[in-house]
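# Residue-level structural notes
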Amino acid sequence: MTLGLSRLRLSPDVFWRLSLPELSAMAGVFGQAVGLSRREVEALMARFPD
């Protein structure tokens, strides 16, 4: 609760609607986000052309 309400400054309504994975991601549990390379993006675009 201290993390969500004090450090992240979420409103109580938003805090209580978060899932645990969402709160964990906001807390940085999963580490630094890694972007996709151009090759990876192009492969995804070819696989999912919509």
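Use the structure listed above.
Structure report, in brief. Computed from a predicted model, the values in this text were never measured in an experiment.

## Regarding the overall build of the chain
Tallying secondary structure elements over the chain gives four helices and zero strands in all. From first element to last, N terminus to C terminus, the chain shows the α and β order α-α-α-α. Against the 2.2 N^0.38 benchmark of 10 Å for 50 residues, the chain shows a C-alpha radius of gyration of 16 Å, more extended than a compact globule. Counting only C-alpha atoms, the chain reaches 45 × 25 × 15 Å along its principal axes. Counting across all 50 residues of the chain, residues that qualify as buried make up 8%. Accessible surface, the chain as shown: approximately 4700 Å² in total, 59% of it carbon and sulfur. A gap of 8 Å separates the mean positions of the 6 positive and 5 negative side-chain charges of the chain.

## What about the environment of Leu23?
Tracing the backbone shows Leu23 in helix α3 (residues 20–27). Through-space distance from the C-alpha of Leu23 to that of Arg9 is 12 Å; in sequence the pair is 14 residues apart. Apart from the residues lying within four places of it in its own chain, the contact partners of Leu23 are Leu3, Leu8, Phe15 and Leu18.

## Structural notes on the packing of aromatic side chains
Tallied over the full model, the rule gives one aromatic pair. On the basis of an interplanar angle of 80 degrees and a centroid distance of 4.9 Å, the ring pair of Phe15 and Trp16 is categorised as edge-to-face. Among the residues examined, Phe15 registers a relative accessible area of 8% and is labelled buried. Given a relative accessible area of 59%, Trp16 falls into the exposed group.

Calculation rules
- Residues numbered from 1 in each chain as written.
- Predicted model: local features only at pLDDT ≥ 70, side-chain atom pairs only at ≥ 80, totals over all residues.
- Heavy atoms only, no water.
- Helix = DSSP H or I, 4+ residues; strand = E, 2+ residues; numbered from the N terminus.
- Rg over C-alpha atoms; globule rule 2.2 N^0.38 Å.
- Buried < 20%, exposed > 50% of the residue type's maximum accessible area, 1.4 Å probe, protein only.
- Areas by Shrake-Rupley, 256 points an atom, 1.4 Å probe, with all protein chains shown as cover.
- Lys, Arg positive; Asp, Glu negative; His and termini not counted.
- Charge placed at Lys NZ, Arg CZ, Asp CG, Glu CD.
- Contact = heavy atoms within 4.5 Å.
- Phe/Tyr/Trp six-rings, centres within 6.5 Å; stacked < 30°, edge-to-face > 60°.

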